[in-house]
Every structure is written in structure tokens, then in C-alpha cells.
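Descriptive structure summary
Residues per chain, in single letters:
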Amino acid sequence: MKTRAAVLHDVGQDWSVEEIELDPPKAGEVLVKTKAAGLCHSDEHLVTGDLAPPTAVMEEMGLPSMFPIIGGHEGSGVVLEVGEGVTHVQPGDHVSVSFIPSCGRCRWCSSGMQNLCDLGAQTMVPGMITDGTFRHHSADGKDLGTMAKLGTFAEHMVVSADSLIKVEPDLPFIPVALVSCGVATGFGSAVNRAGVKPGDTTVVVGCGGIGMNAVQGARVAGAKHIVAVDPDEFKREKAGEFGATHTAASLEEALGLVTDLTWGQMADNLVLSPGLVTGDMIQPAIQLIRKGGTAVVTGLSNVFAEDVKLSLFELAMQNKTLAGSIFGSGNPRAEVPHLLKMYQAGQLKLDELVTRTYTLDEINQGYEDMRTNKNIRGVIVFED
Ligand SMILES: NC(=O)c1ccc[n+]([C@@H]2O[C@H](COP(=O)([O-])OP(=O)(O)OC[C@H]3O[C@@H](n4cnc5c(N)ncnc54)[C@H](O)[C@@H]3O)[C@@H](O)[C@H]2O)c1
Ligand SMILES: [Zn+2]
Ligand SMILES: [Zn+2]
């Protein structure tokens, strides 16, 4: 069938909204009509080249290029057709996508670590999870990859059934899309990985679509002080609505503030979620946490970045933990319905995360608004 999608042809280009050819779902795959897609910063990392180097660089290294690629890994939709052997969803079901698939059988899935499913490793190589071939093709016949094996910036998607989570049909499509990346990642970074407890002092560095959910995760977990750090004034203002008790414009400013707030003990935990993590942010983050505290790195850095500024002495002698986190260190199939129940119960503010919605054709405007900090989360809404 023909459908429309936002394709990125190489690093540094605009998203190109074009008609594409989509093959029917094969065994283990599902055709989905997309309803909403969130504009997460991780897709912006494709544009900047932080997540995927340009085609020429990959070819030089003897590796397959990730381009051209259909963007988008946060989304919701309705199942239209299922391939052979698909049993957990059927046509008409409402679904959330999952940027980490879960096979249910690997060591990680079967021991409560679905966010580390072995199938997730395949999200960085082109082709379908099921058999490595392509269902998406450009009008001139080129195979198209899909971001995180999803490609939610398209009117229709063909994805592996392992990447879909069935949700209640009465839920609105925007919050169902938001929980599939930003909410689960931010909330889980604070609650699951940083382990925020009642009475804690928690610092969140970078309060966009991910960090704002770390702020509300800390609020729900009962933190006493929640310090939101962001250079942007609008984000600092909004952070207060999601539960921040204090704000700072930089890591340096936060150092003085947290020292005062805690009588020098420093924060119990910290989530690092700026648009791009660089190695020089690690030592200031470690300095902001107390003895025995935890600093969680959730934001992405350049895929080749290895240099970090870190006092190993302080790390060891103060018994501190520096932790990484993907998908908020939770199980997608448990977290997505759980977070949506919390939204229905009024515990999570999801509608409030959306500053503006866009059509697929307005995607470049949406990303420009992200770069200029006009949105907490921009969302593409698809027509019926
Ligand atoms: N680990 C995961 O599973 C996972 C999942 C999704 C996204 N991410 C990553 O999380 C990061 C945040 O994504 P997002 O969608 O919230 O981005 P966003 O663009 O919505 O928000 C980023 C925020 O960081 C702020 N910022 C920039 N520089 C800063 C600095 N030096 N100090 C403090 N704040 C700073 C910006 O003002 C902005 O408010 C990205 O790197 C993204 O790729 C990780
Ligand atoms: Zn994301
Ligand atoms: Zn698995």
C-alpha cells in the first residue's frame, strides 16, 4: 500500500515528508494506523549525527548506514492487520509502541529486565526485527529503515508484534503515545533507577519531555525537595507545575542551592536528562549527590563519546553510584499499562506535557520548536 512518512535521508538534513510504499505484514508482524507520535529528542540525534554517523562515515568503517530512515519511536495507533502467528493483538486493538521490543523468552525478558531484551540490540541495524528484510520503500524503490524498528512519523507502520503493547480502547491516543518513551523513561529514571523515596532531595538536570517526567516521578515517589535544573526559563517555570520545589539555571547554580537545602549533605539522587549529555557534566552531577547517593545518566551522548570527567576517588570513597538507564529501567509491558492507570487516576499529568500538536507535514516546525524550547513535548496527530 501507499502511505506517507517523514524520512531523513542523511545527517544534517530536514525531515522529508513523502509518499512511500509499505508491504503487508509478514509472519510475526503487524500493520498499524498511527494516531499520535511524540517528538522525542532521540530522533533529533539522528539529524545531528550523534546517534547515527553520516552514510559516508559508516561506509568508511564498513558498517551499514542507518539512512534513509523513517523517524519516530514514541507513538500510538490502531491495529489494521496482523501477520501469521501474531496472537496478542488483533485488528481494531489500540496499541502503544515500545522502542525496546520484548520477546518474552530471552534471559532479560524472563528475569524482569524487558528493557534489556536481546531484540533491542537490533534497533541500531537496518531491517525488520523478524527477518532483517524491509517492508518500507521509497517511491524510487530504496529500502527504508525505521527508528527503533518503529517509524511512528508515518501514517501507517509495519512493526514486529514484539514492539506493540495493547492498551484500553477508551484511552486517548496522545497519552498512550507519550507513555511509550518520554513518560516511562523519565518517571522510571527517578522511581526505578534513582530509587527516589519519601523525603528525598532529588535533582533533575534537563527538564524537557524526559526530565519533566523525572520531576513528576520524584513528586509521586514523595521527594521533599525536587530541584529542576535547566538553562531555559520556560522549562524552569513549567517544572514547578510538575512538582519541582526549586529551580536552577545551571549545574553550578544547583551546587550552591543543593548545598544550602541539605546543609551540605547534598542530594539523595539525580537524573541527568539534558538534550545531549557530554562528559564534562558527570563530575558536577556526582558532586551534587550525597555519600551513597545515585546519579542516573538517562540523556544520550554522541555514540562515539568516551571521555568523562570524573573523580574516581570521590566515587569510591563516598560510596556513590553512577548508573545508566534505558526505558527508565522498567519492563515496557508492565510500565505502559501501569503509567496509564496512574494517568487515569489523576496521579500523572500527561495532557499537560503537550504544548502544541502538529500535522505530519509540520514536523520540521515541531523540531524547530523543540530546539528553541517552545515545547515540553510536541506531538504529531494523524487524521483518521
Ligand atoms: N535513556 C533512554 O532510554 C532515553 C529515552 C528517550 C530519550 N532519551 C534522551 O534523553 C534526553 C532528553 O530528551 P528530551 O526528549 O527530554 O529532550 P528535550 O529537548 O525535550 O529536553 C532537553 C532539555 O535539556 C535542557 N538542557 C540543554 N542543555 C542543558 C544543560 N547543560 N543543563 C541542563 N539542561 C540542559 C534543554 O533546555 C531542554 O529543556 C535526550 O538525550 C534523549 O535522546 C533517553
Ligand atoms: Zn524517546
Ligand atoms: Zn527478550
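Residues numbered from 1 in each chain as written. Chains lettered and ligands numbered in written order. Predicted model: local features only at pLDDT ≥ 70, side-chain atom pairs only at ≥ 80, totals over all residues.

With that settled, consider unusual backbone geometry. With omega at -10°, the peptide bond leading from Phe67 into Pro68 counts as cis. Looking at the element boundaries, Pro68 is found in the loop between α2 (55-60) and β4 (69-70). With phi around 50°, Phe327 is a residue other than glycine that occupies positive phi space. Mapped onto the fold, Phe327 is located in the loop between β16 (321-324) and α9 (332-344). Accessibility expressed as a C-beta count within 10 Å gives 25 for Phe327, which makes it buried. (Helix = DSSP H or I, 4+ residues; strand = E, 2+ residues; numbered from the N terminus. Buried ≥ 20, exposed ≤ 12 C-beta atoms within 10 Å, placed from the backbone.)

An ideal rise of 1.5 Å per residue puts 18 Å on 13 residues; α9 measures up with 18 Å between its terminal C-alpha atoms. Phi turns positive one or two residues past the end of α9, at Gly346, with a value near 85°. (Expected span 1.5 Å × (residues − 1).)

Attention shifts here to the environment of Ala214. Within the element layout of this structure, Ala214 appears in helix α4 (residues 211-221). Classification of Ala214 by C-beta neighbours within 10 Å gives buried; the count is 38. Look past the residues within four positions of Ala214 in its chain and what remains in contact with it is Gly186, Phe187, Ser189, Ala190, Val204, Val271 and Ser273. (Contact = placed C-beta atoms within 7 Å.)

Turning next to the site of ligand 1. Neighbouring ligand 1 are 30 residues, the closest being His41, Gly206, Gly208, Ile210 and Pro274. Elements that contribute at least two residues to the shell around ligand 1 include exactly α1 (41-48) and α3 (173-193). Of the residues assigned to the shell around ligand 1, the class counts are 13 nonpolar, 14 polar and three charged. Counting contributing residues per domain, the shell around ligand 1 is built from domain 1 (2-170 + 350-381) and domain 2 (186-325), each supplying no fewer than three. (Near = placed C-beta within 6 Å. Nonpolar A, V, L, I, M, F, W, Y, C, P; charged D, E, K, R; others polar. Domains from an automatic or database assignment.)

The side chains of a regular strand alternate between both faces of the sheet. Where strand β1 (residues 2-8) meets strand β2 (residues 16-22), six bridges bridge the pair, whose relative direction is antiparallel. Bridging from a neighbouring strand, Ala5 pairs with Glu18 of β2. Pairing geometry for β1 and β4, over two bridges, is antiparallel. Note that in β4 the partner of Leu8 across the bridge is Ile69. (Pairing = 2+ DSSP bridges.)

Under the domain assignment used here, the chain contains domain 1 (2-170 + 350-381) and domain 2 (186-325). Here the C-alpha centroids of domain 1 and domain 2 sit 29 Å apart. Counting residues at the interface gives twelve residues for domain 1, matched by 13 residues for domain 2. Residue classes in the side of domain 1 that touches domain 2 are distributed as four nonpolar, five polar and three charged.

The parallel open sheet is built from six strands, whose spatial order is β13-β12-β11-β14-β15-β16. Looking along the sheet, the strands with just one partner apiece sit at the ends: β13 (246-248) and β16. With direction set aside, neighbouring strand axes in the sheet form an average angle of 20°. Pairing of strand β11 (residues 201-205) with strand β12 (residues 225-229), which is carried by five bridges, proceeds in the parallel orientation. Looking at the pairing, Val204 lines up with Ala228 of β12. α4 contacts β11, β12 and β14 (267-272) of the sheet and is inclined by roughly 170° relative to β11. (Axes fitted to C-alpha atoms, helices over the stretch in contact; angles between N-to-C directions.)

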